[in-house]
Structure formats: C-alpha cells, structure tokens
Amino acid sequence: MPVANKETEIYRRDAKLNHNLLTPAEREKLLEPYLPTPPARSPSRNKKNGKIPRIMVEKPKSHSRLGVRNFLRNQLHALLYIIVHTVFSVYIRLRQAYHNVKDRILAILYYHHRTPELIQKDVKGLSRLPEHLSFVLKLEDGGKGGAGLEALVDEVAEITAWCACVGIPTVSIYEQSGILKGYIPATHRAVTRKLASYFGPEHPGITLRAPHTPSVESPATSPIVESRGAAKNISILLLSSEDGRDSLVDLTKTLAEMSQRSKLSVKDISLDLVDAEISESVMGEPDLLILFGPTVELSGYPPWQMRLTEIFHVHDNQGVGYQVFLRALYNFANVQMRFGR
C-alpha cells in the first residue's frame, strides 16, 4: 500500500475513534508532510524563542482625520447652501412685497371706475398709443367646470373695454388652447355687455373674429362715441397655438407645392410675400404685446408677427389688471424704436 494511502487510512480510523487512536504529537507528525513551507524568519529569533513566529498582519491606518475633514466639508457646503437660499428667499419676498404695495397704490390712484373719461385722462399725456395691441391670457384650471372659461371670457371683455376707451382700434387675444374660438358668439355678447357697462347705450361697434372663422359684427350704437376720443369700432382677433408655427408650416408646404407645379417661381418667394400671406391669413404685426404673468412666457405665440413687437410684463404679477395695462401704455410711449439701427 502506498505511503499516502496508509497515512490517510490511519487518520480516518483515528477520526472514527474520536481522535483517541493517535496522540496530538503523532497527528502533527502525520500531517507535517502536507503542510505548506513556513515563511523565512530570522535565525536570531528562532534561537531565542525556539518557536515558529506568528505572522503579523498590519492593521489599516485609521482614517479618522480624513473622516473629520469630509464631515467639516459637508457641513460647510450645507451652511453655504442655507445662507444663499436664505438671502435669495429674503430678496424674493421683499421684491414681491414691494410690487404688491406698488400695485395697491396704483390701483387706488388710477382706478377707472368703469368710466371712459377717467381712462382717457390716465393716458392723456402719452405721446403715442399702439394701433394694434395684443395680449396673452391663460385658461385657469384647464377650464374645468366652466369657471375658468367664464373668467377668461370676462377678461377678454374687460380688456376690450379698456382698449375701446383709450382709442385702440385693433386688439388680438392669444390663448394657447384656442377654446375661445368655439365660443365666439358668447364672447361677442359678453363684450357687448361690458362695453354697455362702460359707455352706456352709446358704445362702439365690435368685430370679433378668428383666423379661418366667420366673424361676428355689431355696429356702433351712436356716432357720439367718436367725439369722446374712444374708438368708433374695435376689432378683436382670437388666436391660439395653431395660428403660430402650424400656420408657418402650412404656408411653407403650400409655397413648395406651387413651386413644384410651376405655378410660382422660386424667385418670387420672398420675405415680403411670406409676410403678406401670413398677415392676410392670420394677422399683422402688433405694436405692443402685454403679458399678465410674472415672467415672459409666450406659450407658442405666433413668432412671425412679433419681430418688432414691444413686449411688456410686470414682475410678480398675477392676473389681469388695469394697472399693468396702464403701465404698458406708458412704457410703450417712452420706448425708442430703433428698428435695428
């Protein structure tokens, strides 16, 4: 029997007898040939101790200093963030308070009381007024329950009355969803009632329309309105997002098809042609665009028609207000139109 098998058999018998067959020294001697070679060690140590030295494993160095630095760095970043956030929050609150107080004061000093003479007095000293005034309105709460739509129609009527009192002949109202286009007769009735509340029985004529939609018209009730300085007739145009980029895309496709069919020469396609087609199908370029939100948010307003349009908005403002309308007219009268020069 080979030596390895014999030693294995002896070890197994010892294990079966619960290690009572061999002494610990005999077991160690039996396993010694199969143990790995011990690492090299200094002879002096071996002589002194006479024992196999233990292998010392170095413990990793403590990272306590590095942990403290990371902790302090994180706390410093958090402190800087809190300071910046606090300063910015205080600034925003102070700015909002300032604008709210200013709006309240202007609301007391320049409230129109639904009187055309007072509105005309507010703009009497202005050197010029826009011929075409445009507004961006928003449908609150998605028009759920009809309350948002009713408020939107009332805002359109109120804005139209202000413009009629000032003498602005053309007004365009942009609302992104285009819900007003489905309520043109109802909007016309609301505008008529609002003008009657301002002017009485002698109010201006109204033309309410939307692109590619039949218009609804009503004549002026009396020629006396013109002598007051108000508009004799006021034209209201309802716009939506489909009248912006979609109209440009449709016009581009139409011009391309006409050019392919040799109905239109490529040399005839120019900026003047595009401008004339868009002005006829949608609207001309407004002189002034008023936003009633706290930021400049156009929400898909027709881009072609606002190349030279003056845009006005008031910081931290929420909702349609006569003060914003009046401040926009004053700003427009004082602005310099350089037209790229």
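Refer to the preceding data block for the structure.
Residues numbered from 1 in each chain as written. Predicted model: local features only at pLDDT ≥ 70, side-chain atom pairs only at ≥ 80, totals over all residues. Heavy atoms only, no water.

(A) Spotlight on the overall build of the chain. Secondary structure assignment for the chain yields 11 helices and 7 strands. Residue pairs in contact within the chain that sit at least 24 positions apart in sequence constitute 69% of those at least 6 positions apart. A total accessible area of about 22,300 Å² is found for the chain, and carbon and sulfur atoms account for 56% of it. (Helix = DSSP H or I, 4+ residues; strand = E, 2+ residues; numbered from the N terminus. Contact = heavy atoms within 4.5 Å. Areas by Shrake-Rupley, 256 points an atom, 1.4 Å probe, with all protein chains shown as cover.)

(B) Geometry of the packing of aromatic side chains. Going through the model one piece at a time under the given rule, you end up with 7 aromatic pairs. Geometrically, the ring pair formed by Phe135 and Phe325 is stacked, given 6.4 Å between the ring centres and 25° between the ring planes. Placement of the pair is Phe135 in strand β1 (residues 132–137) and Phe325 in helix α11 (residues 322–334), with a sequence separation of 190 residues. For the pair Trp162 and Tyr322, a centre-to-centre distance of 5.6 Å together with 70° between the ring planes defines the contact as edge-to-face. (Phe/Tyr/Trp six-rings, centres within 6.5 Å; stacked < 30°, edge-to-face > 60°.)

(C) Up close: the pairing of strand β2 (residues 170–175). Where burial is concerned, most of β2 is hidden: 5 out of the 6 residues are buried. In this sheet, β2 lies alongside β1 in parallel orientation, the contact comprising 6 bridges. Bridge pairing in β2 links Leu133 to Val171. Examined bridge by bridge, β2 and strand β5 (residues 233–239) share 5 bridges and lie parallel to one another. Looking at β5, one finds that Ser172 is bridged to Leu237. (Buried < 20%, exposed > 50% of the residue type's maximum accessible area, 1.4 Å probe, protein only. Pairing = 2+ DSSP bridges.)

(D) Main features of the environment of Leu31. Mapped onto the secondary structure, Leu31 falls in helix α2 (residues 24–31). Leu31 sits in the partly exposed class, given a relative accessible area of 36%.

(E) The arrangement of the packing of helix α9 (residues 245–260) against helix α10 (residues 271–281) in detail. The geometry of α9 relative to α10 is characterised by a closest axis approach of 11 Å and an angle of 125° between their N-to-C directions. With respect to α10, the axis of α9 lies oblique. Here α9 and α10 pass one another in a crossing that is right-handed. Along the contact surface, α9 presents Leu248, Leu251 and Leu255, while α10 presents Leu273, Val274, Glu277 and Ile278. Classifying every residue of the contact of α9 with α10 by side-chain character gives 6 nonpolar, no polar and 1 charged. (Axes fitted to C-alpha atoms, helices over the stretch in contact; angles between N-to-C directions. Parallel < 35°, antiparallel > 145°, perpendicular 65-115°, else oblique. Left-handed = near helix turned anticlockwise from the far one by under 90°. Nonpolar A, V, L, I, M, F, W, Y, C, P; charged D, E, K, R; others polar.)

(F) Region of the structure containing the sheet that holds strand β6 (residues 288–291). If you trace the 7 strands from one edge of the open sheet to the other, you get β4-β3-β5-β2-β1-β6-β7, paired in mixed fashion. Edge strands, defined here as strands with exactly one partner in the open sheet, are β4 (213–218) and β7 (310–312). Averaged over all pairs of adjacent strands, the angle between strand axes in this sheet comes to 20°, irrespective of strand direction. Sheet analysis places strand β3 (residues 205–210) next to β4, joined by 4 bridges and oriented antiparallel. Across the sheet, the residue bridging to Ile206 is Ser218, located in β4. Helix α6 (residues 147–166) contacts β1, β2 and β5 of the sheet and is inclined by roughly 160° relative to β1. Lying over the sheet, helix α7 (residues 184–199) contacts β3, β4 and β5, oriented at roughly 155° with respect to β3.

(G) Structural context of α7. In this model α7 runs 22 Å from its N-terminal to its C-terminal C-alpha over 16 residues, within 8% of the 22 Å that 1.5 Å per residue would give. Looking at α7, one finds that the buried residues are Ile184, Thr187, His188, Ala190, Val191, Lys194, Leu195, Tyr198 and Phe199. Across the axial projection of α7, the buried residues extend over an arc of 165°, all falling on one side. (Expected span 1.5 Å × (residues − 1). Arc of directions from axis to C-beta.)

(H) Up close: the side chain of Ser218. Among the secondary structure elements, Ser218 is positioned in strand β4. If we ignore the near neighbours within four places in the chain, the residues touching Ser218 are His188, Gly205 and Ile206.

(I) The packing of α6 against α7, seen in detail. Orientation of α6 relative to α7, taken along the N-to-C sense of each, is 45°, at an axis distance of 8 Å. As far as their axial angle goes, α7 and α6 are oblique. Note that α6 runs across α7; the crossing there is right-handed. The residues of α7 that touch α6, namely those facing Val153, Asp154, Val156, Ala157, Glu158, Thr160, Ala161, Trp162, Ala164 and Cys165, are Thr187, Ala190, Val191, Lys194, Leu195, Tyr198 and Phe199. Within the contact of α6 with α7, the residues separate by chemical class into 12 nonpolar, 2 polar and 3 charged.

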